[in-house]
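Listed here are the chains, written in short residue letters.
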Amino acid sequence: MKIQDKILLILTVVLFYSCNEKQNKVETSSIKIAEAKTDFNKTDISKTEEKLESDKIIGKYYVDNFYHYLKSGFELKIKKPKDDFILYTFEFKNDGKVIFKDLTEFYDCGNGILSIKKGNWKSNGNGIYELTFDGEYGLESEFHTVSEYQLADLKNGNLRMKLIKVIENKKKLAWE
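Residues numbered from 1 in each chain as written. Predicted model: local features only at pLDDT ≥ 70, side-chain atom pairs only at ≥ 80, totals over all residues. Heavy atoms only, no water.

**Some remarks on the overall build of the protein chain**
Item 1. The helix and strand tally for the protein chain stands at two helices and eight strands.
Item 2. In the protein chain, the succession of α and β elements from N to C terminus is α-α-β-β-β-β-β-β-β-β.
Item 3. The buried share among the 176 residues of the protein chain stands at 40%.
Item 4. In the protein chain, the proportion of contacts linking residues at least 24 apart, taken out of those at least 6 apart, comes to 55%. (Helix = DSSP H or I, 4+ residues; strand = E, 2+ residues; numbered from the N terminus. Buried < 20%, exposed > 50% of the residue type's maximum accessible area, 1.4 Å probe, protein only. Contact = heavy atoms within 4.5 Å.)

Next comes the structure, spelled out in structure tokens:
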């Protein structure tokens with residue numbers, strides 16, 4: 001192996017490590033968990049287009065801490081936060097689709113950037129929602145997740161998607 005190849009390999013490893021460390025610091029420093037009283041009684045209700053049109057979750061929300069959605073859930077904010085480093089919008093449509101948009105203006109590294117290619121939602125009744133996401137963390141992994149959440153109102157008008165259970169969590173590393 002040439003000396004140039006060895007140097008390139010070492011620099012690549014250092015870059016990946018430094019980007020991951022920065023991302024982990026951002027994730028742990030921005031955890032915001034809101035307590036909400038929940039009712040975990042579930043009933044199966046067949047979803048019709050009429051029910052979707054009046055469903056409480058339909059709309060566009062700001063999400064500033066999505067990395068822990070499979071550990072604790074996430075908050076859907078009505079108003080755009082002013083000083084958030086990483087910010088997304090999630091738009092829950094009438095047809096059960098979730099439209100994801102990354103509003104983050106600047107990343108210090110391309111490693112670990114969240115991108116959701118496809119999202120779907122469905123109501124299981126009593127404020128219980130099943131969310132399916134297919135996406136990737138740039139240069140790290142691709143994922144497919146299905147999880148169940150309890151929707152709760154917060155005092156500030158925002159909504160809290162509190163994780164009930166992870167149904168499916170498939171991950172494929174980028175280098176596999």
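There's more to say after this.
**Describing the nonpolar core**
One broad rule of soluble globular proteins: the nonpolar side chains tend to lie buried together.
Item 1. Residues F66 and F90 are the most contacted members of the largest nonpolar core, which totals 28 residues.
Item 2. Looking at this core, the elements with two or more residues in it are β1 (59-63), β2 (73-76), β3 (88-92), β4 (97-102), β5 (114-125), β6 (128-137), β7 (141-153) and β8 (159-173).
Item 3. Looking at this core element by element, the count peaks at four residues for β6.
Item 4. Ignoring anything within four residues of it in the chain, the contact list for F90 reads G59, K60, Y61, V63, F66, V98, I99, F100, I116 and F133. (Core = buried A, V, L, I, M, F, W, Y, C linked by side-chain atoms within 4.5 Å.)

**A look at the packing of aromatic side chains**
Item 1. Throughout the structure, instances matching the rule amount to 14 aromatic pairs.
Item 2. For the ring pair Y61 and F92, a centre distance of 6.1 Å and an interplane angle of 65° mean the geometry is edge-to-face. With a gap of 31 residues between them, Y61 in strand β1 and F92 in strand β3 connect regions that are remote in the sequence. Accessibility assignment for this pair places Y61 and F92 in one class, buried.
Item 3. What links up through ring pairs into an aromatic cluster is the set F66, Y69, F74, Y88, F90, F100, F133 and Y149. (Phe/Tyr/Trp six-rings, centres within 6.5 Å; stacked < 30°, edge-to-face > 60°.)

**Thoughts on the sheet that holds β8**
Item 1. One open sheet holds the eight strands; their spatial order is β1-β3-β4-β5-β6-β7-β8-β2, and the pairing between them is antiparallel. Of all strands in the sheet, those bounded by a partner on one side alone are β1 and β2. Pairwise comparison of adjacent strand axes, ignoring direction, gives a mean angle of 25° for this sheet.
Item 2. One ladder, built from 13 bridges, connects β7 with β8; its direction is antiparallel. Note on β8: the bridge partner recorded for F143 is K171. (Pairing = 2+ DSSP bridges. Axes fitted to C-alpha atoms, helices over the stretch in contact; angles between N-to-C directions.)

**Observations regarding the pattern of salt bridges**
As a working rule, side chains carrying opposite charge can pair if their charged atoms are close by.
Item 1. This model, assessed by the stated rule, comprises six salt bridges.
Item 2. A salt bridge links D64 to K77, with the shortest nitrogen-to-oxygen separation between them at 2.8 Å. With D64 in the loop between β1 and β2 and K77 in the loop between β2 and β3, the pair connects residues that are 13 residues apart, well separated along the chain.
Item 3. Linking K117 and E136 is a salt bridge whose minimum nitrogen-to-oxygen distance equals 3.8 Å. In this pair, K117 sits in strand β5 while E136 sits in strand β6, placing the two residues 19 residues apart along the sequence. (Salt bridge = Lys/Arg side-chain N within 4 Å of Asp/Glu carboxyl O.)

**Overview of the confidence of the model for the protein chain**
Item 1. Model confidence for the protein chain is summarised by a mean pLDDT of 79, while 73% of its residues fall at 70 or above.
Item 2. Per-residue pLDDT stays below 50 along residues 21-53; that stretch engages in 56 contacts with residues further than four places along the chain or on separate chains. (pLDDT = per-residue confidence, 0-100.)

**Things to note about the side chain of T104**
Item 1. Position of T104 relative to the elements: it lies in the loop between β4 and β5.
Item 2. In this structure the side chain of T104 is engaged in a polar contact, spanning 3.1 Å, whose partner is the backbone nitrogen of L87.
Item 3. Beyond its immediate chain neighbours, meaning those up to four positions away, T104 contacts F85, I86 and L87. (Polar contact = N/O pair within 3.5 Å; in protein donor to acceptor, adjacent residues only side chain to side chain.)

**Here we look at the side chain of E75**
Item 1. Within the secondary structure layout, E75 lies in strand β2.
Item 2. One buried charge, E75, has no salt-bridge partner; the nearest side chain with opposite charge is K77, at 4.8 Å. (Lys, Arg positive; Asp, Glu negative; His and termini not counted.)

**Here's the deal with the pairing of β7**
The side chains of a regular strand alternate, residue by residue, between the two faces of the sheet.
Item 1. Among the 13 residues in β7, 10 count as buried, and that is most of the element.
Item 2. Of the strand pairs in this sheet, β6 and β7 are connected by 10 bridges, and their pairing is antiparallel. Its bridge partner lying in β7, E136 is registered against E142.
Item 3. Where β6 folds back onto β7 in an antiparallel hairpin, the turn is made up of three residues, including L139, whose phi is positive at roughly 60°.
Item 4. Counting the residues in the hairpin turn of β7 and β8 gives five residues, including G157, whose phi is positive at 90°.

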